[in-house]
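Here is how the chains run, residue by residue.
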Amino acid sequence: MTHQYPALSPEQKKALATIAQRIVAPGKGILAADESTGTMGKRLQKINVENTEENRRTFRDLLFSVDASISESVGGVIFFHETLYQKSNTSVPFPKLVKDKGIVVGIKVDKGTAGLNGTDDETTTQGLDGLSERCAQYKKDGCDFAKWRCVLKISGCCPSALSIAENANVLGRYASICQQNGLVPIVEPEILPDGDHDLQRCQYVTEKVLAAVYKALSDHHVYLEGTLLKPNMVTAGHSCTKKYTPEEVAMATVSALRRTVPAAVPGICFLSGGQSEEEASLNLNAINQTPLHKPWKLTFSYGRALQASALAAWKGRAENKKAAQDAFCTRAKINGLASKGEYKPTGQADQAAMKSLYTASYNY
Amino acid sequence: LEGASSHSFASSPSHSDDCLQDFIYQPIAIMTHQYPALTTEQKKELQEIAQRIVAPGKGILAADESTGSMAKRLNPIGVENTEENRRLYRQLLFTADERINSCIGGVIFFHETLYQSTDDGTPFVKLIKDKGIVVGIKVDKGVVPLAGTNGETTTQGLDGLSERCAQYKKDGADFAKWRCVLKISETTPSALAIMENANVLARYASICQQNGIVPIVEPEILPDGDHDLKRCQYVTEKVLAACYKALSDHHVYLEGTLLKPNMVTAGHSCPTKYGCGEIGMATVTALRRTVPPAVTGVTFLSGGQSEEEASINLNAINTCPLIKPWALTFSYGRALQASALNAWRGAKDNEKSATEEFIKRAQANGLAAQGKYMSSGTGGAAAQSLYVANHAY
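This is a predicted model, so every value here is computed, not measured.

## What about the pairing of strand β6 (residues 175-182) of chain B?
The side chains of a regular strand alternate, first on one face of the sheet and then on the other. Residue and element names in this part refer to chain B. For β6, the tally of buried residues reaches 7 of 8 residues, placing the bulk of the element in the interior. The pairing of strand β3 (residues 134-138) with β6 spans 3 bridges and is parallel. Paired with G136 across the bridge in β6 is F175. Of the pairings in the sheet, the one linking β6 to strand β7 (residues 214-221) comprises 8 bridges and is parallel in character.

## Observations concerning the packing of aromatic side chains
This structure, assessed with the given rule, holds 10 aromatic pairs over all chains. Here F94 of chain B and F124 of chain B contribute two aromatic rings whose centre-to-centre distance is 5.1 Å and whose plane-to-plane angle is 85°, an arrangement assigned as edge-to-face. With F94 of chain B in helix α3 (residues 83-94) and F124 of chain B in helix α5 (residues 124-130), the pair connects residues that are 30 residues apart, well separated along the chain. In this structure F124 of chain B comes out as buried when scored by relative accessible area, which is 0%. An aromatic cluster is defined as three or more aromatic residues linked by ring pairs; in this entry it consists of F64, F79 and F94 of chain A.

## Describing the sheet that holds strand β2 (residues 104-109) of chain B
Reading around the barrel, the 8 strands line up as β1-β2-β3-β6-β7-β8-β9-β10 (chain B) and close back on themselves, with parallel pairing between neighbours. Running over the sheet, helix α7 (residues 191-210) of chain B touches β6 and β7 of chain B and is turned about 175° from β6 of chain B.

## Let's talk about the interface of chain B and chain A
Each side of the interface is counted separately: chain B has 46 residues, and chain A has 46 residues. Approximately 4,300 Å² of surface area, both sides summed, lies buried where chain B meets chain A, with 58% of it carried by carbon and sulfur atoms. Where chain B meets chain A, there are 2 salt bridges. Of the charged contacts in the structure, one is a salt bridge between E225 of chain A and R289 of chain B, with a shortest N-O distance of 2.8 Å. Elements with a contribution of two residues or more to the side of chain B that touches chain A: α1 (40-53), α8 (229-249) and α9 (276-288) of chain B. Considering every element that reaches the side of chain B that touches chain A, the biggest residue donor is α8 of chain B, with 10 residues. Of the residues assigned to the side of chain B that touches chain A, the class counts are 20 nonpolar, 14 polar and 12 charged.

Parameters and conventions
Residues numbered from 1 in each chain as written. Chains lettered and ligands numbered in written order. Predicted model: local features only at pLDDT ≥ 70, side-chain atom pairs only at ≥ 80, totals over all residues. Heavy atoms only, no water. Buried < 20%, exposed > 50% of the residue type's maximum accessible area, 1.4 Å probe, protein only. Helix = DSSP H or I, 4+ residues; strand = E, 2+ residues; numbered from the N terminus. Pairing = 2+ DSSP bridges. Phe/Tyr/Trp six-rings, centres within 6.5 Å; stacked < 30°, edge-to-face > 60°. Contact = heavy atoms within 4.5 Å. Axes fitted to C-alpha atoms, helices over the stretch in contact; angles between N-to-C directions. Buried area = accessible area lost by both parts, 1.4 Å probe. Salt bridge = Lys/Arg side-chain N within 4 Å of Asp/Glu carboxyl O. Nonpolar A, V, L, I, M, F, W, Y, C, P; charged D, E, K, R; others polar.

Below, the structure written as structure tokens:
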């Protein structure tokens, strides 16, 4: 390991770093519109819309044809494979529609989870086979970043050492392959919020998982300045009896990241998990107001937390299109503000009161 | 963890080559539950000590030369390496006036020195503490060979370390230092050297914190060799990544630690010469890729650099236009003491001027730690322009 065999040329590195910085430019985050066909089924079923290719296209068209000013809050959109090759109502290919607004196009490249035998139902994620060729094609077809989701869970005996090591390693491989093909890899080691564990437990597990992830990225010679991280926020489990404030969530999240994520990583784009739209915005805002030094951008990569109201307003009916688009744009704007710590929901306490909330929850 | 064997995972290397992959799967027991190593109060104390040491404009005087190392310092100036001479020499450093209070945050002692006093009987520890400077102690017991490697080493000193730390804490020390050594050559550092030294540093750090002592983690990569700047940067990144993974595995509280790394420089016999801007950029880039923001401060060793070089390079590091979330300061031995030693030459009449030489370097480095050092001969603007040209991708 004494000699470097440079994985990337300076030009390749510069291109990757530039893409990453554009995605997380100040006030911007990511619209995760990469729901697989099966997952879209779950979203559409809730509003009684049939899960057809046309309906999926229509909904994504609704999101992607909003006014270009959306690019003030959205720096990147993650696509699902099918969507990348669909067109708008006016026959404009979706990638072009999005790019013309100045937004970077991304693509989900993993092929879902697979069981880790001998564990308590833990998983790794598959999709490495032929990934390089797929990435090269996606780059030609307009993508500049990719996303790959690994999943871990907290329980009496999870996550196991194998799960942590295996998921970190597969993320390292994926990231390395992406960069070879000019795609910025978003690294997503999601720790599910299922369970009754408290905030401290989630913080501890998040720190261990992220430490393993960044060691793997180093081992795989990944260029950190050309990556993004998509982690869970640090929260208690869904069935935890204790409730925590956004400031406590923020403090725990920022502490965990400060202990594990090198400053070279340009941006951290949180997943929203099971959070409501408002919760996800409040938490992101609190994260950005946390009075600790935060050397990376801290923004959003939200799916449900950007689309829930839009879906509910749409209900599959053309006459609801504008209302749905307005709902989406509203959440986008709010999260754009939250990514700068400038979201002021009505009823929030003043600066001084907010500060004392952080001091009280400072986490040694 | 006892009883965790059902979920422990170990992998033995499948073949004898040096592949790092074989060391990724370490035997680690269940890691889902935290067994807090430190209470909130203990963590608070450690963090505050670390912050005091690297307060803005302050760095560390590394006065922990072992008896053997002191011989190498005293022989060239014709001074006999006796306990009394070592005491007299440290005295002229420690009796510097209040001008050093604003630029020295910590002093690292050698064991012998911790129990010595001034001519009028004031213990050195008290003298230093009364200046508001934190007292530290070197706790390692030197390097030992790693069999089967190309002259590589690990560092010993773990035996009874906890008890020793507890005693040092009682005797006035609030931080410790442990030096590991790696080297760059065709075949080194090997995966074993990186892993073993990272592991022993993490054990040391964990034990220190249990005893209220802030561990300075020092994984020195020697400047010997003809390798270029890029090679040093690459190796530094790999070594530091391993260190921080080990510190995480050993449950070390990063906010209560300091890092003492080498700057990223070319080897001594490298034919290419690099400017301070390039050194600054390469060093900061390597740290940004590996050192978590939670680490309170990075206190560079000076290695073989001259006093002026060490100050200029530290200044360049601090003026590097990248986000640097930790304090970046000095932990210098030779680079603070060379002129003082030369001025002293063992003569009582020279003590005052020797102390002055030390104060001068301390102040220069205090400024460098803030990016405010103006060396005669380096135009500020000229140095700045080097950054854009040499951004280290």
